[in-house]
Amino acid sequence: MEHLVIPEGTSEPAYPWWQRYQPISYKFESRSGNHDEFVDMVQRCNAVGVRIFVDAVVNHMAGLGRSGTGSGGSSFDSDQHDFPGVPYTDVDFTPREMCNSGDGNVNNYGDPENVRNCNLVGLTDLYGASSEVRQKVADYFSSAVDIGVAGFRVDAAKHMWPDDLKAMMDLTNNLNTDQGFPANTRPFFYHEVIDRNDGAVTVQQYYGLGRITEFRYCQKITWGIDDFSQLWGIYDPGWGMADPDKAFVFVDNHDNQRGHGGAGDTITYKQPHNYRLGVAFTLAQPYGFTRIMSSYDFGTDTDVGPPHKSDWSTDDVVVTADGQCSNGWVCEHRWPSITKMVRFRNAVAGALTADNKYNDGNVVAFSRGNLGFFAMIKQGTLSMNLQTGMPAGTYSELVTCADVTVNGDGTAQITITNEEEPIFAICQGCSC
Ligand code: AAO
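Scoring rules and cut-offs
- Residues numbered from 1 in each chain as written.
- Predicted model: local features only at pLDDT ≥ 70, side-chain atom pairs only at ≥ 80, totals over all residues.
- Heavy atoms only, no water.
- Helix = DSSP H or I, 4+ residues; strand = E, 2+ residues; numbered from the N terminus.
- Rg over C-alpha atoms; globule rule 2.2 N^0.38 Å.
- Buried < 20%, exposed > 50% of the residue type's maximum accessible area, 1.4 Å probe, protein only.
- Contact = heavy atoms within 4.5 Å.
- Lys, Arg positive; Asp, Glu negative; His and termini not counted.
- Charge placed at Lys NZ, Arg CZ, Asp CG, Glu CD.
- Near = heavy atom within 4 Å.
- Polar contact = N/O pair within 3.5 Å; in protein donor to acceptor, adjacent residues only side chain to side chain.
- Areas by Shrake-Rupley, 256 points an atom, 1.4 Å probe, with all protein chains shown as cover.
- Nonpolar A, V, L, I, M, F, W, Y, C, P; charged D, E, K, R; others polar.
- 1 Å grid on protein atoms, 1.4 Å probe; cavity = no way out; pocket = protein on both sides within 12 Å on 5 of 7 lines; lining within 4 Å.
- Points joined across faces, edges and corners; volume = space filled by probe spheres on them.
- Salt bridge = Lys/Arg side-chain N within 4 Å of Asp/Glu carboxyl O.
- Pairing = 2+ DSSP bridges.
- Axes fitted to C-alpha atoms, helices over the stretch in contact; angles between N-to-C directions.
- Phe/Tyr/Trp six-rings, centres within 6.5 Å; stacked < 30°, edge-to-face > 60°.
- Lys NZ or Arg CZ within 6 Å of the ring centre and 35° of its normal.

A count of helical and extended segments in the protein gives 7 helices and 22 strands. Taking 2.2 N^0.38 as the reference for a compact globule, 432 residues should give roughly 22 Å; the C-alpha atoms of the protein span a radius of gyration of 23 Å, in line with that estimate. In terms of overall dimensions, the protein has C-alpha extents of about 70 × 45 × 45 Å along its principal axes. Counting all 432 residues of the protein, 51% fall into the buried class. Of the contacts formed within the protein by residues at least 6 apart in sequence, a portion of 63% connects residues at least 24 apart. When the 31 basic and 54 acidic side-chain charges of the protein are each reduced to a single mean position, those positions are 4 Å apart.

Our focus in this paragraph is the site of the ligand. By nearness alone, 24 residues border the ligand, and Trp18, His159, Asp198, Asp255 and His260 come closest of all. In the environment of the ligand, an oxygen atom lies 3.1 Å from a nitrogen or oxygen atom belonging to the side chain of Arg66. Here the ligand loses 75% of its free accessible area of 1100 Å² to cover by the protein chains. Within the shell around the ligand, the residues separate by chemical class into 9 nonpolar, 7 polar and 8 charged.

The next thing to look at is the layout of surface pockets. In this structure, the second largest pocket spans a volume of roughly 650 Å³. Lining the second largest pocket are 26 residues; nearest its centre among them are Leu120, Val121, Leu123, Asp255 and His260.

Oppositely charged side chains may form a pair once their charged atoms are brought near each other. Under the definition given, this model contains 12 salt bridges. The salt bridge involving Arg66 is made with Glu12; its shortest N-O contact spans 2.8 Å. On the criterion of sequence distance, the pair formed by Arg66 in the loop between β4 (60-63) and β5 (67-69) and Glu12 in the loop between β1 (2-3) and β2 (23-25) is long-range, its members being 54 residues apart. With a relative accessible area of 27%, Glu12 lands in the partly exposed category. Where Arg216 meets Asp195, a salt bridge forms, and the shortest distance between an N and an O atom there is 3.1 Å. In this pair, Arg216 sits in helix α5 (residues 215-226) while Asp195 sits in the loop between β9 (188-191) and β10 (211-213), placing the two residues 21 residues apart along the sequence. Comparing Arg216 with Asp195, the two get one shared label, buried. Each of the salt bridges in this network shares a partner with another, and the network as a whole consists of Asp55, Arg153, Asp155 and Glu192.

Here the focus is the sheet that holds strand β22 (residues 423-427). Spatially, 4 strands are ordered β15-β16-β17-β22 in an open sheet, and the strand pairing comes out antiparallel. Edge positions in the open sheet fall to β15 (358-359) and β22, since each of these has one partner strand only. Alignment of β15 against strand β16 (residues 363-368), held across 2 bridges, turns out to be antiparallel. For Asn359, the partnering residue across the bridge sits in β16 and is Val364. Against the sheet, helix α6 (residues 272-284) makes contact with β16, β17 (372-377) and β22, and its axis sits at roughly 160° relative to β17, the strand it touches most. Sheet strands touched by helix α7 (residues 336-347): β16, β17 and β22. Its angle to β22, the strand with the most contacts, is close to 30°.

Attention now goes to the packing of aromatic side chains. Counting across every chain of the model gives 31 aromatic pairs. Ring centres 6.1 Å apart and planes at 80° place the aromatic pair Tyr275 and Trp335 in the edge-to-face group. Of this pair, Tyr275 sits in helix α6 while Trp335 sits in the loop between β14 (325-326) and α7, and the two are 60 residues apart along the sequence. Note on Tyr275: relative accessible area 1%, which makes it buried. By way of ring pairs, the aromatic residues Tyr26, Phe28, Phe38, Phe76, Phe83, Tyr88, Phe93, Tyr140, Phe141, Phe152 and Phe189 are connected into one cluster. The ring centre of Phe181 lies 4.1 Å from the NZ or CZ of Arg51, which sits over that ring. Lying over the aromatic face of Tyr207, Lys246 brings its terminal NZ or CZ to 4.9 Å of the ring centre.

Here's what the structure looks like:
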C-alpha cells in the first residue's frame, strides 16, 4: 500500500525498510512500484503457478507526529487522523478513552485491552469495531484479490480484536477465477501474532481465522540446530505452541533477523551453515505451514532499506549464471539445499514422521511415511547405512542429483560429501 516516506536530511535514517509499515492509503503505490507494475507482477506470477501474498498493514496508519505526502502522492496528517487517500478521518480511529495507557501507546502486553486499543509504537490505531473501517479494509483486501492475489499476512494482528479481523475477512471477495483459482475459494490469511508465552494475547485466540505465526518455532529451531537432541521436541504443545494445522512457521522473519519484534535466539543468513540446516529441517519436518525468508544484505545497519537506485526506488534483483543473487540480494530461497527442500516438502505433504528416526547429535535422519527420507549433518561428511523406509529403487538425491539405491529392506547408503550443503533428501516422484 501507499506508505510513509522518510527522505534524506531528517534526524531519522533515510528511506528505512520500516517506512512501509506506516500506511498512508490503500493505493498500490509503494517503493516497490506502482499499481500497473503490481498488477503485471501478480498476473505474470499466477500464469506460471507462483502465488502472491500481500503483507497487509491494517491495524494502523502512519505514526503520530507525521504529516506530508505518501509514496503515492496522497496528503496526510497523522495527528489530525486525516488520511484523505482512503479516506479516513478522526472517527475511524480508536477513541483515546478506550486506551488505558498514560501516553496512548501500547505499554502492557499483559492486558489485551491495552495491546489492542492503544497505539503500537505511536502508530495511529484504526477502530476495527467500526463498520466503515471494516468495509474499507475489506475493500482493500478485495482490490488485491481481484487483481489475483492469493491471500494476506496480516501485520500486527496481535493488536487487532479477532472479531474485527473476522468481520473484515468475511466481507472480502473470493479469489479471482480469471487468475486460475477455483470458484468460491477464500483468500489464505495468516496473522502476525508474537506469542512467546509472555502476555495475555495467545495464538489460540486467532483459531478459526486462518494460520497464526508461531514465533516460538524460531527459538526452537535455533536451539535445535545448536543441540540436535532438542529437535524431536520442536513442536511443544505444552509450551502453548499452535496446533500443527494452525501454525505458520519460519526460521526467521524481517523483524527478528534484524533485532526488531520477537528477536533473540534467531538464526539468519549471516550464519549460513546453521541457517541451511535450520531451513532444511523446517521444510523436512511436518509441523506447521512453512515460509522461507528471502533477504537483502543489511550488514550491521538494521534500518537500511533494500538495494536502491539513485531515486531510492528498489533496485533490480540480479541473478548470476549459477542461479544465485547479487547486487545486494541474498536470496536464501535460491540456495541449493533450501530450494530443493521445497520440492521435498511438497512431495511428502500429509505424511507424518516415521518411526525410523536417527539422531546421534551430529547426524539427524528421518522419513516422512514412505514418501521421502531426509538426513543432515552438523559437522564433517557422512557415509552411513540407514533405514529409509522407502520402497526399493533408485532415487535421485535432491541436492547433488546423485543416484541413490534403496535396497529391498529399505536401507540405503547415505552420503554427504559437501560440507557447504550438508543435506541429503530423496523422495518419491521428485526430480533434482
Ligand atoms: C517506527 C520506529 C518507531 C516509531 C514508529 C512510529 O522504529 O520508533 O515510534 O515508527 O513512527 C516496523 C518496525 C518498527 C517501526 C514500524 C513503523 O519494526 O520499528 O516503528 O515498522 O514504521 C510488536 C508487535 C508486532 C510488530 C513488532 C515490531 O506485536 O506486531 O512489535 N511487528 C509488525 C511488523 C513490523 C512493523 C509493525 C508490526 C508495525 O512485522 O515490521 O514494525 O506495522 C514483545 C511482544 C511483541 C512485540 C515485541 C516488540 O516481544 O510480545 O508483540 O512485537 O515485543 O515490541 C522477547 C520476548 C518477546 C518480546 C521480544 C521483544 O523475545 O519474549 O515477547 O523480546 O523483541
